[in-house]
Structure formats: C-alpha cells, structure tokens
Amino acid sequence: MNTLAKILMGMTLTFITISCLYEKGGPVDPTVTGIVPTTDTTNLPASLDSLPCGKTVTTNAQNQVCFNTVILPLFLANCATSGCHDSKTAAEGYDLITYQKIVKKGIVAGNSKNSKLYNVMIITGEDRMPPAPSSPMSSDKTKLIAQWIDQGAKNIVCETSTTGTTAQTVSYSKHLVPVLDYYCTGCHNSNTKSGGINLTGYANVKQMAIDGALYGSITHQIGYKPMPSTDVKLTDCQIGLFKQWIDLGMPNN
Ligand code: HEC
C-alpha cells in the first residue's frame, strides 16, 4: 500500500470513529430520559409570576416548567406566526405548533446549549429568531425555554384552573399587559397584525374588548376564533382578570 492510500484509510477510520462517538452523544429521545428536574425557580418570568394567579401557572409540583401553559404559548406567539413556522409555511422545515412537532428538530433534550431552536433565539444579527422587525424574545422567556430543554424537553401538562384568587382590583398595566405580552402580542402587534388586530397599547385592547372579540376569543366561545390557539387556553385565573377588567369598564390603570 502506498503512503497516500494509508493516509486516506487512516482518515476514513478516524471519521467513522468520530461519527460513532457523535451518535452516542447525539439527540436524546425526550420520552426515555430520566433527567433530574432543576430546583431553581428563579428563571420564571417575573411578570407572569406576580399575577394574583398562583405559581401553578408556570411549573408543576416538581418544579418542571409546564409545556402546555408556558412553553407552547411562547412557540405559538413568537415562532408559529402566519408565514413563518405555522403548519402552512413551516419555514426551513420547522412547524412549531404542537409538542410532537417542536421536539422533532432543533432540540437536544437535556442540553439547551446544543439546541438550535434555543440558540437562534439568543443570538444577535440577521439569523436571530424571530427576525426583525419583531423584537427579540426577552431573557425571562428564553430562560424558560432553556430551563424546559435542560429538564428534558418533556410534555409537562399543567392544570389550567388554579387556586389563585382574582379578588384584588385588576390593573390593566400590571395584570393584563403581562398576559397579552406573553400569549398574544407576538402575533398581534403593529408589525404583525394577525386577523388585522393589534393588541399593543391600551386603546387597541379596549377597542377589542368593547367589540366583544377579546373575551369571546380567550374563552373559546362559539363564533370567535379560539385564542391563543385551539390547543392553548389562558388559565381560569387569567381569564378572570380580563373579565373583572371589562366589568369595571376597562380602566386605564
Ligand atoms: C400564533 C399567532 C396568534 C396568537 C399567539 C394569538 N393570535 Fe389572535 N389571531 C391570530 C390570527 C391568525 C387571527 C385571525 C384568525 C382568522 O381570522 O382566521 C386572530 C384573531 C384574533 C381575534 C379576532 C377573533 C374573532 O373571532 O374575531 C382576537 C380578538 C384575537 N385574535 C385575540 C388574541 C388574544 C387575546 C391572544 C392571546 C391570548 C391571541 N389572539 C393570540 C393569531 C394569533
């Protein structure tokens, strides 16, 4: 065998070895991992956590980030917007509307740092997601995504009815804006007006409330489009805040 052939053979063997090693450390099937949940709760979004709605909204009893009430709404509002990663467009092959579809590609369960879907949210420049003119996701939101992936990217289902109370007087800015920001304005802002609707700014929100569509859509009433989606509903407590605000005459407080 001449020297060139030996070098080529050596390179091939090295390549095979590296490929096998990579396979071993490659993507983990989220259904079979026994990743220990973190006990760190400091990453929960302060804005949502301060609602008078109880902590069950963001984690289950084991401190695992809820998928149905916390993570899915983030993917819907920031990624699955019309023309991007909705089922119809599925840009770059990413359809980000259900659990099964989200964990299929770009997520390494247990390892947010190696997860492309997470990395594109935190980088700067033109590859950032969601792209300009949308604003980048705030760090309390991206931290939740990281925490969820690091806990194994599991389909943690949390109750949507909570023991929290809505007895205190509702505040538009303190209670409604954080909910709208988290669940709605990714699809309903001045740049992306899904259905022609902008839910940023008091006047716009008030107008939708007077119209009846705001309450009809969040309560998934017949005759209205269910918001944020057929699969995701705000918690009873969050809906109660909107009801109280509307009943009080929609104060700008
Ligand atoms: C993934 C993107 C997305 C998210 C997230 C989203 N919406 Fe929508 N919304 C839409 C689209 C698209 C339409 C238009 C639907 C149509 O006409 O078929 C719409 C329509 C509506 C309408 C009009 C409904 C009607 O029947 O007249 C209201 C009100 C509304 N959204 C409120 C909300 C609220 C409140 C939230 C958050 C709780 C929310 N949306 C979250 C995409 C979204």
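Relevant structure appears above.
Residues numbered from 1 in each chain as written. Predicted model: local features only at pLDDT ≥ 70, side-chain atom pairs only at ≥ 80, totals over all residues. Heavy atoms only, no water.

Surveying the vicinity of the ligand reveals 20 residues, the closest of which are Cys184, Cys187, His188, Lys225 and Met227. In this structure, Lys225 approaches the ligand through a main-chain N or O atom, which is 2.9 Å from an oxygen atom. For the shell around the ligand, the secondary structure elements donating two or more residues are helix H3 (67-78) and helix H9 (213-218). If one sorts the elements of the shell around the ligand by residue count, H9 sits on top with four residues. Tallied by class, the residues present in the shell around the ligand amount to 15 nonpolar, four polar and one charged. Counting residues domain by domain, the shell around the ligand receives three or more from each of domain 1 (56-150) and domain 2 (172-247). (Near = heavy atom within 4 Å. Polar contact = N/O pair within 3.5 Å; in protein donor to acceptor, adjacent residues only side chain to side chain. Helix = DSSP H or I, 4+ residues; strand = E, 2+ residues; numbered from the N terminus. Nonpolar A, V, L, I, M, F, W, Y, C, P; charged D, E, K, R; others polar. Domains from an automatic or database assignment.)

Once that is clear, we can look at the packing of helix H7 (residues 172-183) against helix H10 (residues 236-247). At a minimum axis separation of 10 Å, H7 and H10 run at an interaxial angle of 130°. Judged by the angle between their axes, H7 and H10 are oblique. The element H7 and its partner H10 pack so that their crossing is left-handed. Mapping the contact onto sequence places Tyr172, His175, Leu176, Val179, Leu180 and Tyr183 in H7 and Gln238, Leu241, Phe242 and Trp245 in H10. (Axes fitted to C-alpha atoms, helices over the stretch in contact; angles between N-to-C directions. Parallel < 35°, antiparallel > 145°, perpendicular 65-115°, else oblique. Left-handed = near helix turned anticlockwise from the far one by under 90°. Contact = heavy atoms within 4.5 Å.)

Here we take up the coordination of the iron atom of the ligand. In the first shell of the iron atom of the ligand, the protein supplies His188 (NE2) and Met227 (SD), at 2.0 to 2.1 Å from the metal. Viewed at the metal, the six donor atoms of the iron atom of the ligand are separated by angles of 85 to 178°, and the geometry they form is octahedral. Residue His188 is located in the loop between H7 and helix H8 (202-211), and its partner Met227 is located in the loop between H9 and H10; the two are separated by 39 residues in the primary sequence. Owing to a relative accessible area of 10%, His188 belongs among the buried residues under this scheme. (Donors = N, O, S within 2.8 Å, 3.2 Å for Na, K, Ca; no water. Tetrahedral: all angles 85-135°; square planar, octahedral: opposite > 155°, others 65-115°. Buried < 20%, exposed > 50% of the residue type's maximum accessible area, 1.4 Å probe, protein only.)

In this structure, Ile71, Phe75, Trp148 and Trp245 are the most contacted members of the largest nonpolar core, which totals 53 residues. Those elements that provide at least two residues to this core are H3, helix H4 (99-102), helix H5 (116-122), helix H6 (139-150), H7, H8, H9 and H10. Here the element with the most residues in this core is H3; it accounts for seven residues. Here this core gathers at least three residues from each of two domains, domain 1 (56-150) and domain 2 (172-247). Filtering out sequence-adjacent residues up to four positions away, Phe75 remains in contact with Ala80, Leu96, Ile102, Leu117, Met121, Ile145 and Trp148. (Core = buried A, V, L, I, M, F, W, Y, C linked by side-chain atoms within 4.5 Å.)

Per the counting criterion, the structure on display carries seven aromatic pairs. Where Phe67 meets Trp148, the ring centres are 5.3 Å apart and the plane angle is 35°; that geometry is what we call tilted. Linking Phe67 in helix H3 with Trp148 in helix H6, this pair joins segments that are 81 residues apart in sequence. For Phe67, a relative accessible area of 2% puts it in the buried group. Take Trp148: its relative accessible area is 1%, and that puts it in the buried class. Plain terms: the ring middles of Tyr202 and Trp245 are 6.5 Å apart, the flat faces sit at 80° to each other, and that makes the pair edge-to-face. Separated by 43 residues along the polypeptide, Tyr202 in helix H8 and Trp245 in helix H10 bring together distant segments of the chain. Chaining the aromatic ring pairs together yields one cluster made of Phe67, Phe75, Tyr99 and Trp148. Residue placement shows Lys105 over the ring face of Tyr94; its charged tip is 4.2 Å from the ring centre. (Phe/Tyr/Trp six-rings, centres within 6.5 Å; stacked < 30°, edge-to-face > 60°. Lys NZ or Arg CZ within 6 Å of the ring centre and 35° of its normal.)

A cis amide bond, omega -10°, links Met129 with the succeeding residue Pro130. Counting through the fold element by element, Pro130 comes out in the loop between H5 and H6. Omega for the peptide link from Ala132 to Pro133 comes to 5°, which places this bond in the cis form. Looking at where Pro133 falls in the secondary structure, it is placed in the loop between H5 and H6. In this model, Asn63 sits at a positive phi of 70°, which is unusual for a non-glycine residue. Phi is positive for Ala153, which is not a glycine, with a value near 50°. With respect to the helices and strands, Ala153 occurs in the loop between H6 and H7. Under the relative-accessibility criterion, Ala153 is labelled buried at 0%.

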